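The chain contents come next:
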Amino acid sequence: MAIRNPSIECMPREQLEKLQSERLVAQVKHCYDNVECFRNRMNEKGLTPDDIHGIEDLSKLPFAYKSDLRDYYPFGLFATPMSEIVRLHASSGTTGKRIVVGYTKDDLAMWADCVARMLEAVGLTKEDIVQVSYGYGLFTGGLGAHGGVEALGATVIPMSSGNTSLQIQNMVDFGATALCCTPSYAMYLGEEIEKLGLKDQLGLKVGIFGAEPWSEDMRKQIEDKLGLRAYDIYGLSEILGPGVACECEHQCGMHVWEDHFIPEIIDPDTCEVLPAGATGELVFTTITKQGFPVIRYRTRDICSLNYEPCKCGRTHVRMRKPSGRSDDMLIIRGVNVFPSQIEEVLLKVSGGDITPNYQIVVDRVNNTDTFDVNVEMSDALFADDIRSIEAVEKRINSGLRDMLGISAKVHLVNPKTIARSEGKAKRVIDNRKF
Ligand code: DLL
């Protein structure tokens, strides 16, 4: 398979680390000069950019957190004037306010190149027709993948998510050779295609799936249903969007594009940097981003890094599929959901009709995530008529849809029926297997 930029992707590690060091020094200075939050944290540690000489000093730097994006909402962490920011994206925060990220023109070009590297690594060329079925809009998936396809020079079908029958029709009629979407949507598409008996009419050879955890077993099922090879792509809005790391043809971990992002693995409790190969929380430092650079961002994703050479010839480290998170974020139908967001909606709706006891139940039925929210009603509501109860359910439902962009099944249950716990309340029951 072709390598888009061999001098970078296969750069000897010593040279790569030298490049990272130079870029890190410049990035730290850029952040210190332009981002108040970072400057304050450096000052608190008694550090200035002059103390950072290269990647050996990375662990001296302060961490950045998702809560910083809330505290400096919307643009307080941007490192360039707004006149340089050409695109905004947003993702769920832990509260009602979304987290907002911004990109300069150069940031968008770098992003597109990162995605294009992957497309080439899995065998796509400008002859391919790529259907992008990640959501377009504030979510980074759609436009992120889109930019990569255009940078490669292949043909993009900008489908966005939903409208499954049109998805299938276009896939067949336009001769799509590659599909980009969440793995759960790929499964759903596969099932619908099976039902319609259209598998023979598909020209798909490659699928690029990510944005949520998925298992090897799911990979096999998708490959079988859609008749393609399925590859994993990882990313997060705070660092870039899709394309921070991607699998190559060998499917043995995702190469992190280390000329742009430095990964570390830390112990989430002690914050100590762990040795190569250990499992812990993934932390990223961007080293070329201009609009919204971040130093030592705690992703909360749990995984490990493999520095051994890859058969493909790329020298960039491979991250294992994330195996979980060190916070309580759930990904439901590709959307990031925090229990605290649900609590916020319940508090707003409350009005004496419900109690603070609730439970979120997530499962996967027919390869689609189910999302149920059980809430105990108050004694007063319990004594009321069924119509009042339904009205409260509806209010909670629309509050959740507004907050999260996906709908949940809300069930008001009788007072004192949700199990009480002696320690931390068990708010989430996730029955899915990844
Ligand atoms: O999900 C970006 C993306 C879009 C990646 C399309 C891949 C494809 P966020 O909405 O900010 O960004 O969510 C980021 O999703 O911290 C992980 O917990 C999870 N995640 C992303 N990719 C994978 C993956 C996009 N391949 C959060 N496997 C991350 C497991 C993933 N989890």
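**Q** I'm lost on the packing of aromatic side chains in this one. Help?
**A** Two measures describe an aromatic ring pair: the distance that separates the ring centres and the angle between the ring planes. The full count for this structure, using the stated rule, is six aromatic pairs. Members of the aromatic cluster, connected to one another through ring pairs, are Phe75, Phe78 and Phe292.

**Q** Which parts of the structure should I look at to understand the sheet that holds strand E18 (residues 354–365)?
**A** Sheet strands line up and pair through hydrogen bonds in the backbone, either parallel or antiparallel. Taking strand neighbours across the sheet as the criterion, the four strands line up as E20-E19-E18-E21 in an open arrangement whose pairing is mixed. With partners counted over all chains shown, the strands left at the sheet margins are strand E20 (409–413) and strand E21 (428–430), one partner each. Taking each pair of neighbouring strands and ignoring which way they run, the sheet shows an average axis angle of 20 degrees. Pairing between E18 and E21: three bridges, direction parallel. Opposite Val362, over in E21, you have Asp430 as the bridge partner.

**Q** It is not clear to me how the site of the ligand should be interpreted in this structure. Could you clarify?
**A** Ala211, Asp232, Ile233, Ser237 and Asp301 are the nearest of the 24 residues found near the ligand. A distance of 2.6 Å is found between an oxygen atom of the ligand and a side-chain nitrogen or oxygen belonging to Ser237. A distance of 2.6 Å is found between an oxygen atom of the ligand and a side-chain nitrogen or oxygen belonging to Asp301. When isolated, the ligand has an accessible area of 600 Å², and the protein chains bury 97% of it. Contributing elements (two or more residues each) for the shell around the ligand: helix H6 (140–152), strand E7 (229–236) and strand E8 (241–247). Of the residues forming the shell around the ligand, the biggest block, five residues, is contributed by E7. Residue composition of the shell around the ligand, grouped by class: 11 nonpolar, eight polar and five charged.

**Q** I tried to follow the domain arrangement of the chain on my own but got confused; where do I start?
**A** By a widespread convention, an interface's size corresponds to the accessible area lost as its parts come together. You can read the domains of the chain as domain 1 (1–326) and domain 2 (330–430). Here domain 1 and domain 2 have C-alpha centroids that lie 32 Å from each other. Listed by partner, the interface residues are 16 residues for domain 1 and 15 residues for domain 2. Connecting domain 1 to domain 2 are zero salt bridges. Taken together, the links from domain 1 to domain 2 amount to four residue pairs in polar contact (both at pLDDT 80 or more). The dominant element in the side of domain 1 that touches domain 2, judged by the number of residues it contributes, is helix H8 (residues 183–196), at four residues. A per-class count over the side of domain 1 that touches domain 2 returns five nonpolar, eight polar and three charged.

Definitions and cut-offs
Residues numbered from 1 in each chain as written. Predicted model: local features only at pLDDT ≥ 70, side-chain atom pairs only at ≥ 80, totals over all residues. Heavy atoms only, no water. Phe/Tyr/Trp six-rings, centres within 6.5 Å; stacked < 30°, edge-to-face > 60°. Pairing = 2+ DSSP bridges. Helix = DSSP H or I, 4+ residues; strand = E, 2+ residues; numbered from the N terminus. Axes fitted to C-alpha atoms, helices over the stretch in contact; angles between N-to-C directions. Near = heavy atom within 4 Å. Polar contact = N/O pair within 3.5 Å; in protein donor to acceptor, adjacent residues only side chain to side chain. Areas by Shrake-Rupley, 256 points an atom, 1.4 Å probe, with all protein chains shown as cover. Nonpolar A, V, L, I, M, F, W, Y, C, P; charged D, E, K, R; others polar. Domains from an automatic or database assignment. Contact = heavy atoms within 4.5 Å. Salt bridge = Lys/Arg side-chain N within 4 Å of Asp/Glu carboxyl O.

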